[in-house]
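# Overview (structure and organization)
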Amino acid sequence: MNGGALDPRVRMAKQALADVGRVIMVCSVKGGVGKSTVAVGLASGLSRMGRKVGLVDLDFRATPIKRMTGVSGNRRGNRTGIVPLIADGVKVMSAATEVGEQALPVGGSEAESLVVGFLSVVNWGRLDYLVADMPPGMGDELMALLRLAGSRATALLVTTPSVLSLDAVLRLVSLLREEGVGIVGLVENMSYITCDCGNILRPFGEIDESRLREAGLARPMAKLPIDPEVEKSVCQGLGVLDTPVLGEGIRRLALLVDGSGEPIS
Amino acid sequence: MLDYARSRDGVRIISATVKVGTLTMIDPQTMREALAMISKEAGIEGVEFKVERAETHFTCMKCGTDWTFNDVEGDLKAKVPDDLLISDESGEKDMPMHYFPELVHAWMRCPKCGSNDYRMTEASGVILDKVEVEE
């Protein structure tokens, strides 16, 4: 499904994005580093600050956002598209709300086309922020979104302290710089875990911040812990933001992203 | 089409026929309006746009079988659960793949070998079929 320049949805997607203040792509190259947790928490945090927020799940293979936000309800459509479901004040679009538990093996031009569809055939309305939960890597979904969003696209990078994850994220930074994408900042996730005895453990070590400086990046905007409460929260359909430890970190991240918070000390 | 018109002085495009795949929900009127807008922005006005439906084709990458959306639409309607149908303003319910054609992968399989490894090969989206010009 690739109509190229003739596809009216491309034009519709660009028009929809023109009504968005800022597109924040939450991305990393490695999977399992916590992109979706950060994306859902950030979207909720911005929404609770009174901002108009959309959350689009572009990780079509894993589609975690439905479970993480707990969105449900009947879906409605009209001549111009479908009405997104709402969770915690956030307009949510995820393939999981459309296909349930079915696998969705789309790739290549079909994945690109689905990105166009999720932006054009959904009635997003005017938004302050559109948070995009990206799939791992630098594939078709990322490039398709960059083409559509142009200068509105910014990237919030997520990594664990692991050198392997950081290596991969720094490659992504090179690509984003070449494409002229603004980098919101870096989130260090799974940074530490606090034992019941109060000791802090760092199972993945610590990020070598000299490498961040060499890449022209600031210190991490947030250092988020491994919080066992998150898994319980997801299983119970509760918001990530309401978990006691991680929730506090992501609320502070949302303030920073919005330009109204203090950097971490 | 736009490149052709720009590259030839004195050539006027009279009409263009565009085919839209049967799997998409693109409304012909919306399509005509969008094309008129695009051509106006490109400095080519007065083109008559004809929008026609075309059968969406698929090819299995595993066994090579070709089929059309119409061949399997009835089976698909039975496979998509009611709670995943999307209601329109008149209360009619439609399959999500009419809004997002790629979602067809969630339910459709090759009718011969059952594989999900297939591609939309013809009329997957929008195709420029014919252009009538005046020299």
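As a convention, each chain's residues are numbered from 1 in the sequence order in which they are written. Written order decides the labels, with chains lettered from A and ligands numbered from 1. The predicted origin of the model limits local features to residues at a pLDDT of at least 70 and limits the giving and counting of side-chain atom pairs to 80 or more, whereas totals for whole chains, interfaces and linings rest on all residues. Derived side-chain values reflect all non-hydrogen atoms in the structure, with water molecules and hydrogen atoms excluded from consideration.

Another aspect to go through is the overall build of chain A. Helix and strand counts for chain A come out as 10 helices and 12 strands. Taking 265 residues into account, the globule formula puts the C-alpha radius of gyration at 18 Å, and chain A, at 18 Å, falls close to it. C-alpha atoms of chain A, sized along the principal axes, occupy 60 × 40 × 35 Å. Burial classes: relative accessible area under 20% of the type maximum marks a residue as buried, over 50% as exposed, and values in between as partly exposed (1.4 Å probe, protein chains only). Going through the 265 residues of chain A one by one, you find that 55% of them count as buried. Contact definition: two residues touch when any of their heavy atoms are within 4.5 Å. Sequence separation of at least 24 residues holds for 77% of the intrachain contacts in chain A that already meet a minimum separation of 6. Here the open area of atoms and residues is found with the Shrake-Rupley method and a 1.4 Å probe, where only the protein chains shown may cover a residue. Of the roughly 10800 Å² that chain A leaves accessible, carbon and sulfur atoms contribute 50%. Secondary structure follows DSSP: runs of H or I at least 4 residues long count as helices, runs of E at least 2 residues long count as strands, and numbering of each begins at the N terminus. Only C-alpha atoms enter the radius of gyration, while the globule expectation follows 2.2 Å times N to the 0.38, with N the number of residues.

Bringing the interface of chain B and chain A into the picture now. The interface is formed by 39 residues belonging to chain B together with 32 residues belonging to chain A. Taken together, the two surfaces of chain B and chain A that pack against each other cover about 2800 Å², and 64% of this comes from carbon and sulfur. Its largest share of buried area at the contact with chain A, chain B owes to Phe100, Glu102 and Leu103 of chain B, together 23% of the area lost on that side. The term salt bridge refers to a pairing of a side-chain nitrogen on Lys or Arg with a carboxyl oxygen on Asp or Glu at a separation within 4 Å. In this assembly, chain B and chain A are joined by zero salt bridges. Here a polar contact means two N or O atoms within 3.5 Å. Within protein one must be a hydrogen donor candidate and the other an acceptor candidate, and residues neighboring in sequence count only if both atoms are side-chain atoms. Applying the counting criterion to the chain B and chain A interface returns six residue pairs in polar contact (both at pLDDT 80 or more). Going through the elements one at a time, helix 2 (28–41), strand 5 (86–87), strand 7 (118–122) and strand 8 (126–134) of chain B are the ones with two or more residues in the side of chain B that touches chain A. Accessible surface is computed with a 1.4 Å probe, and the buried area is the amount of it that two parts give up when combined, taken over both parts together.

The next point concerns the pattern of salt bridges. Residues and elements named next belong to chain A. Considering all chains together, one arrives at 15 salt bridges over all chains under this definition. The salt bridge involving Asp242 is made with Arg48; its shortest N-O contact spans 3.0 Å. In this pair, Asp242 is assigned in the loop between helix 9 (228–235) and helix 10 (244–257) and Arg48 in helix 2 (residues 35–48), connecting sequence segments 194 residues apart.

What links the strands of a sheet is backbone hydrogen bonding, and the strands pair in either a parallel or an antiparallel sense. Residue and element names in this part refer to chain B. Strands pair, by our definition, only if DSSP identifies at least two bridges between them. Taken together, the three strands give an open sheet; going across it, the order is 2-1-8, and neighbouring strands pair in mixed fashion. Pairing within the sheet leaves two strands with one partner each, and these edge strands are strand 2 (48–54) and strand 8. Between one strand and the next, the sheet's axes are offset by a mean angle of 20°, whatever the strand orientation. By the bridge criterion, eight bridges tie strand 1 (residues 12–21) to strand 8 in an arrangement that is antiparallel. Bridge pairing in strand 8 places Ile13 opposite Val133. For every element, the axis is a line fit to its C-alpha atoms; helices are fit only across the contacting stretch, and the angle between N-to-C directions ranges from 0 to 180 degrees. Sitting on the sheet, helix 2 touches strand 1, strand 2 and strand 8, and the angle it makes with strand 2 is about 140°.

This part is about the sheet that holds strand 7 (residues 127–133) of chain A. Residue and element names in this part refer to chain A. One open sheet holds the eight strands; their spatial order is 5-6-2-7-1-8-9-12, and the pairing between them is mixed. The outermost strands of the open sheet, each flanked by one partner alone, are strand 5 (85–87) and strand 12 (222–223). Here three bridges tie strand 5 to strand 6 (residues 90–93), and the two strands are oriented antiparallel to one another. Across the sheet, residue Ile86 finds its bridge partner in strand 6, namely Lys91.

For any part of a model where pLDDT is low, the fine detail of the predicted coordinates should not be relied upon. All names here are of chain B. Taken over all residues, the pLDDT of chain B has a mean of 84, while the share at 70 or more is 90%. Per-element confidence in chain B ranges from a low mean pLDDT of 64 for helix 1 (residues 2–7) to a high of 95 for strand 4 (residues 66–68). Reported for the predicted complex are a pTM of 0.89 and an ipTM of 0.87. Within a predicted model, pLDDT stands for the predictor's per-residue confidence, ranging from 0 to 100.

Let's shift gears to helix 1 (residues 8–18) of chain A. Residues separated by three or four positions in an α-helix point in the same direction, a consequence of the helix having 3.6 residues per turn. Looking only at helix 1 of chain A, the buried set comprises Pro8, Arg9, Arg11, Ala13 and Leu17 of chain A. Tucked into the core, helix 1 of chain A has its buried residues touching strand 1 (20–27), helix 5 (108–120), strand 7 and helix 6 (140–149) of chain A together with helix 2 and strand 8 of chain B.

Centre distance within 6.5 Å is the pairing criterion for rings of Phe, Tyr and Trp, where only the six-membered ring of Trp is used; planes under 30 degrees apart are then read as stacked, over 60 as edge-to-face, and the remainder as tilted. Inspection of every chain in the model, using the stated rule, returns five aromatic pairs over all chains. An angle of 90° between the planes, with centres 5.5 Å apart, marks the rings of Phe60 of chain A and Phe118 of chain A as edge-to-face. Of this pair, Phe60 of chain A sits in the loop between strand 2 (53–57) and helix 3 (65–69) while Phe118 of chain A sits in helix 5; the two residues are 58 residues apart in sequence, bridging distant segments of the chain. We note that Phe60 of chain A, like Phe118 of chain A, is buried. Taking 5.4 Å as the distance between ring centres and 70° as the angle between the ring planes, the aromatic pair formed by Trp67 of chain B and Tyr118 of chain B counts as edge-to-face. Of this pair, Trp67 of chain B sits in strand 4 while Tyr118 of chain B is found in strand 7, placing the two residues 51 residues apart along the sequence.

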